[in-house]
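Descriptive analysis of the structure
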Amino acid sequence: MAAEIKILSDSTALHSAAAQEFQQLAETAIAERGRFSVALSGGNTPRNVYSLLADEYKELPWDRIHIFFGDERHVPPTDPDSNFRMANESLLSRVPIPQNNVHRIRAELDPNTAAEDYEGQLREFFRLASGGWPRFDLIFLGLGEDGHTASLFPGSEALHETSRRVAANWVQKLETFRITLTFPVLNHAAEAMFLVSGESKAQILSDVLKPGAKKYPSQLVQPENGHLLWLVDQDAAKLLQTVKPPSL
């Protein structure tokens with residue numbers, strides 16, 4: 001299946017498009033299955049989307065929405081670098097979502113313990129049999145300037161993980177562990193949505209979307225039976241005029 005690329009006029013339009021996508025997918029999933037499962041990402045662009053959801057989408061059935069995280073820094077939930085803290089401040093504390101619907105990575109623990117704990121949370125919520133994979137309704141993803149997504153960095157061991165759902169991934173360039181969902185989880189999602197904003201992402205976005213050899217981790221996001229959506233603003237898309245989306 002070919003990736004879908006939507007180019008928005010600016011970052012504000014991108015935030016609005018992402019919030020609308022969230023709403024549409026949530027309403028559809030809840031109507032069909034009674035709940036909506038979404039994995040959030042860190043970063044400034046998602047932060048603005050979460051704030052918009054809190055400001056303008058309070059009427060969503062938040063009691064049927066379950067929040068997970070695609071990755072987390074190895075810090076306590078109160079740390080300024082925590083993805084959970086960012087999401088909590090920008091969204092979760094501002095909408096009527098039950099506490100039990102927020103499934104955070106317990107990154108204050110030892111990295112491997114935190115990964116195993118989150119595996120257990122996924123197994124329980126999705127009622128997974130041995131070897132089964134969760135199917136998120138939506139996974140938010142970002143694109144790093146080195147081509148990483150979630151906390152799947154170039155050269156890191158978790159790129160090759162095929163059996164675990166969550167990995168404690170040592171990132172040498174940052175000299176720290178990150179806890180991250182693995183590619184099989186990303187690729188079993190009903191929708192994976194990349195948000196890419198700003199001129200600083202123009203070169204890597206162009207490189208990632210070029211057909212050919214898969215050099216970057218983000219190119220390995222290829223949903224097996226789902227939708228791959230790229231929401232990008234004009235600044236990030238400035239080098240895309242000669243690029244065709246890769247077929248997945």
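Given the structure is predicted, the values throughout are model-derived calculations rather than measurements. (Residues numbered from 1 in each chain as written. Predicted model: local features only at pLDDT ≥ 70, side-chain atom pairs only at ≥ 80, totals over all residues. Heavy atoms only, no water.)

**Re the overall build of the chain**
The condition that has to hold: The numbering of helices and of strands both runs from the N terminus, where a helix is a DSSP run of H or I of at least 4 residues and a strand a run of E of at least 2. Here the globule rule reads 2.2 Å times residues to the power 0.38, and the radius of gyration is calculated from C-alpha atoms. Residues are treated as being in contact if the distance between any of their heavy atoms lies within 4.5 Å.
Across its full length, the chain carries 6 helices and 9 strands. The C-alpha atoms of the chain give a radius of gyration of 17 Å, which matches the 18 Å a tight globule of 248 residues would have. Judged by the C-alpha coordinates and their principal axes, the chain covers about 45 × 40 × 35 Å. At a minimum sequence separation of 6, the contacts of the chain that also span at least 24 residues come to 77%.

**A few points about the layout of surface pockets**
Worth spelling out the cut-off: Only protein atoms enter the 1 Å grid, on which a cavity is a set of points fitting a 1.4 Å probe that cannot get out and a pocket is an open set with protein on both sides within 12 Å along at least 5 of 7 lines, lining residues being those with an atom within 4 Å of a point. Grid points are joined across faces, edges and corners, and a volume is the space filled by probe spheres set on the points. Only Asp, Glu, Lys and Arg are considered charged in this grouping, and only Ala, Val, Leu, Ile, Met, Phe, Trp, Tyr, Cys and Pro are considered nonpolar; every other residue, Gly among them, is considered polar.
Of the volumes computed, that of the largest pocket is approximately 660 Å³. Residue lining of the largest pocket: 34 residues in total, with Gly42, Gly43, Asn44, Arg73 and His148 positioned closest to the centre. Elements supplying a minimum of two residues to the lining of the largest pocket: helix H2 (44–56), strand S4 (71–73), helix H3 (83–90), strand S5 (138–141) and strand S8 (191–196). In terms of residue class, the lining of the largest pocket is built from 11 nonpolar, 13 polar and 10 charged. Looking at the second largest pocket, its volume works out to about 210 Å³. If you go around the second largest pocket, the residues you meet are Phe84, Asn88, Leu92, Ile97, Pro98, Gln99, Asn100, Val102, His103, Arg104, Arg106 and Gln121. Residues belonging to the lining of the second largest pocket are distributed by class as follows: 5 nonpolar, 5 polar and 2 charged.

**Structural notes on the confidence of the model for the chain**
Should the pLDDT be low somewhere, the predicted coordinates at that spot are not to be read in detail. Under the convention used in this document: Every residue gets a pLDDT, meaning the predictor's confidence in that residue, from 0 to 100.
Here the chain averages 95 in pLDDT, and 96% of its residues register 70 or above. Within the model, the stretch residues 242–248 combines pLDDT values under 50 with 20 contacts to residues more than four positions away or in other chains.

**Digging into the packing of aromatic side chains**
Cut-off, in case you're wondering: To pair, rings of Phe, Tyr and Trp, with the six-membered ring standing in for Trp, must have centres within 6.5 Å; the planes then decide the type, stacked if under 30 degrees apart, edge-to-face if over 60, and tilted in the middle. Remark: exposure states derive from per-residue accessible area (1.4 Å probe, protein chains only) relative to the maximum for the residue type, with buried under 20%, exposed over 50%, and partly exposed in between.
A complete count under the given rule lists 13 aromatic pairs for this structure. Relative to Phe140, the ring of Tyr50 lies with its centre 5.6 Å away and its plane at 80°, an arrangement referred to as edge-to-face. With Tyr50 in helix H2 and Phe140 in strand S5, this residue pair connects regions lying 90 residues apart in the sequence. Each of the two residues, Tyr50 as well as Phe140, counts as buried. Pairing Phe68 with Phe136 gives two aromatic rings, centres 5.3 Å apart and planes at 75°, and the pair type is edge-to-face. In this pair, Phe68 sits in strand S3 (residues 65–69) while Phe136 sits in the loop between helix H4 (111–126) and S5, placing the two residues 68 residues apart along the sequence.

**A few points about the packing of H2 against H3**
Keep this limit in mind: An axis is simply a line fitted to the C-alpha atoms; with a helix, the fit covers only the stretch in contact. Between two such axes, the angle follows the N-to-C directions and lies from 0 to 180 degrees. An angle below 35 degrees is treated as roughly parallel, one above 145 as roughly antiparallel, one from 65 to 115 as roughly perpendicular, and anything else as oblique. Handedness of a crossing follows from how the near helix is turned relative to the far one, being left-handed for an anticlockwise turn of less than a right angle and right-handed for a clockwise one.
At a minimum axis distance of 8 Å, the contact between H2 and H3 shows a crossing angle of 30°. Taken together, the axes of H2 and H3 are roughly parallel relative to one another. Helix-helix and strand crossings are classified by hand; for H2 and H3 the assignment is right-handed. Along its contact with H2, which presents Arg47, Tyr50, Ser51 and Ala54, the element H3 presents Met86, Ala87 and Ser90. Within the contact of H2 with H3, the residues separate by chemical class into 4 nonpolar, 2 polar and 1 charged.

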